[in-house]
Amino acid sequence: MAKHHLVRKWICTFVLIQLSTCAQAVPFNRLLNKTEYEQQQIILQAQTSLIGSVRNAKSALASSAKLVQYPDIHVLTDLAEQYKQLELARLNQMDAMRPLDHIDIEQQRSAYQNDFFLAIKGYRWPSQIQEYQDFARLLFSFMPEEEQAANKDMFQQSLDAIEHWQTQLSDSLLEIEPGFSQISPLVPILKPNPIHIVVFDVFSKQQLDKQRAYFTQARIDPIQTFGDPVSLTHGNAVIDTILQLSPDARITPIQADAQSYLPAFNAIALINPDMINMSRAFPENNGHLDLDAWSAIAKVAEKSILIKSMGNCGTDLDGQLSPIRVENDLGPIGAISCYDTSLIQEVVTAHWKPGLLIRFAINGQYANERVALSATIPGSNEIAQHNSIKVPAEAVYSPSSGLFESGSSFAAPQLSATLAELLKRFPEENDSVDMRNKSCVLESVSQSAVRQHNMFEEGRGLLNAQAAAIDLAHRSCVEQN
């Protein structure tokens, strides 16, 4: 079973590689400012390239399936055919609309976003390709040394081609990817003392070095480690998300294993940051909330804003399916993606106290109409409802890796960064933002959120940074700069 699972991932990646010219067939901006004849030639060339590349993909799938004796190859050949039909329909429609103008292009871009992001979820492909590259290197290292020596050059050439395709695909996705425009991001305000954000997560040190070179306005401190956590790039992608919206923030990366939350948060208390982004589960002890570690977290959250990811279970906090999953006839999400719903439920039902500066981030669809299919929602708990904000987090681009990320883990840092920019509107006291100002900013964000459905589903509603800034300017709770 494990072998077939790994082979399936390899073959899926092979399809994506073969289909690379399809995703790049007609960049929207290539068709503008062209004569009708030139537009026709570009579309014709794209149609020919598309049909040929899918034919090659099917041939490669058939030969590789025979090699590894893979029985379910029709699933992947059907996927290749589905993609070809989708692209051909788009190209034929564009051909029928010639000569194309800016309005036509925007209509096509919108339709393509809907298909590519919602129907096919193409934004997940770069990550799948990265998984394959990592997995392929691992498998290659297991081969006998003489086989490695004989195939080294060919193997590296394959990886180079895959990496090139991965970059091309990311560039194509960026052309239609909605970015952060859906939350009305603020124009960053640069100040001598930037907002200090602890990112409590897991990190790759090598990736942090790349991020320091990429985000030149930011300060990224050395990692502080407690226990023996795994080395992953999840926290690096969180940092990418924050610094795209708040480019001069000071970031302190802190990581801990499951048994080391208590010393980690005791250390965070000594640091006294303005904010903590926690795109991780709450601490657990024998299936329940670890009360000692929670006490340390709650103590920190009395002075520092703590933004916590709500989770990706497709249910409310009681475990009932979200309305959007019921409407789509979907069941609950598996345990790998679904985490700490019961722990959040314990916090908001038994251990919440007034004055905690904690907000939960709900994953919203990229187009904002609803929460994402995978999103954990507040449900009937009023504390969770009043302290949750929806943020679009399907296909959040991570520039240091070139990948697109999804889930409440990447809703949280967007909320953190927006709050950081709002906090800059106030004077610092002893190089730290006054706690009253933090409460005021949180209230403005809550009051200005746009709710399209009830609080059961999306809490206070969709994050709207501009509206929050306007609301904040009219509040008398603090004295501004």
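Treat the numbers as computed from the prediction; the structure is a model and nothing was measured.

Draft legend 1. Summary view of the overall build of the chain. Within the chain one finds 18 helices and 14 strands. For the chain, the residues scored as buried account for 54% of the 481 residues in total. A sequence separation of at least 24 residues applies to 80% of the contacts in the chain between residues at least 6 apart.

Draft legend 2. Spatial organisation of helix α9 (residues 234-245). When the terminal C-alpha atoms of α9 are compared, their 18 Å separation across twelve residues agrees well with the 16 Å that a helix rising 1.5 Å per residue should span. Within α9, the full set of buried residues consists of Gly235, Asn236, Ala237, Val238, Ile239, Asp240, Thr241, Ile242, Leu243 and Leu245.

Draft legend 3. Representation of the confidence of the model for the chain in the model. On average, residues of the chain score 83 in pLDDT, and 80% of them reach the 70 mark or higher. Segment residues 1-25: pLDDT under 50, and 55 contacts once partners within four positions in sequence are set aside and those in other chains are kept. Of the regions scoring below 50 in pLDDT, residues 64-69 engages in seven contacts with residues more than four places distant in sequence or in other chains.

Draft legend 4. A look at the pairing of strand β5 (residues 275-278). Taking every second residue as pointing to the same face, both faces of β5 are buried, with Met275 and Asn277 on one and Ile276 and Met278 on the other. Here β5 runs beside strand β8 (residues 305-309); their pairing, made up of four bridges, is parallel. From the neighbouring strand, Met275 faces β8, where its bridge partner is Ile305.

Draft legend 5. Quick look at the nonpolar core. Counting residues in each nonpolar core, the largest one holds 48 residues, and the members touching the most others are Ile197, Leu243, Ile251, Met275, Leu415 and Leu419. Only β1 (196-200), α9, β8, β10 (388-392), α15 (408-423), α16 (435-448) and α18 (465-473) provide two or more residues apiece to this core. Ranked by residue count, the leading element in this core is α15, at nine residues. When residues no more than four places from it in sequence are discounted, the contact partners of Leu243 are Phe215, Ala218, Ile220, Ala249 and Ile251. Of all hydrophobic cores here, the second largest spans 39 residues; its members include Met278, Trp294, Ile324 and Leu343.

Draft legend 6. Quick look at the packing of α16 against α18. Axis separation between α16 and α18 bottoms out at 8 Å; the angle between their running directions is 125°. Put simply, α16 runs oblique to α18. Crossing hand, α16 versus α18: right-handed. Residues Cys440, Val441, Ser444, Val445 and Ser448 of α16 lie in contact with α18, whose contacting residues are Ala467, Ala468, Asp471 and Leu472. Classifying every residue of the contact of α16 with α18 by side-chain character gives six nonpolar, two polar and one charged.

Definitions and cut-offs
In this numbering scheme, every chain counts its residues from 1 along its sequence in written order. Confidence filtering applies because this is a predicted model: local features only for residues at pLDDT of at least 70, side-chain atom pairs given and counted only at 80 or more, and all residues used for totals across whole chains, interfaces and linings. Values shown for side chains rest on all heavy atoms present in the structure; no hydrogens or waters enter the calculation. Helix and strand definitions here come from DSSP, where helices need a minimum of 4 consecutive H or I residues and strands a minimum of 2 consecutive E residues; each element is numbered from the N-terminal end. Burial status follows relative accessibility: with a 1.4 Å probe on protein chains alone, a residue under 20% of its type maximum counts as buried, one over 50% as exposed, and anything between as partly exposed. What makes two residues a contact is simply this: any of their non-hydrogen atoms within 4.5 Å. By this rule, a helix spans an expected 1.5 Å times one less than how many residues it contains. What pLDDT reports is the predictor's confidence in each residue, on a scale of 0 through 100. Strand pairing is defined by DSSP finding a minimum of two bridges between the two strands. Residues belong to one nonpolar core when they are buried, are Ala, Val, Leu, Ile, Met, Phe, Trp, Tyr or Cys, and are joined through side-chain atoms within 4.5 Å. As a rule, the C-alpha atoms of each element are fitted with a line to give its axis, helices using only the stretch in contact, and angles between N-to-C directions run from 0 to 180 degrees. Just so you know how the angles are binned, under 35 degrees is roughly parallel, over 145 roughly antiparallel, 65 to 115 roughly perpendicular, and the rest oblique. Two helices that cross are described as forming a left-handed crossing if the nearer one is turned anticlockwise from the farther one by less than a right angle, and a right-handed crossing if clockwise. Residue polarity is assigned by list, with Asp, Glu, Lys and Arg as charged and Ala, Val, Leu, Ile, Met, Phe, Trp, Tyr, Cys and Pro as nonpolar; anything else, Gly included, falls into the polar class.

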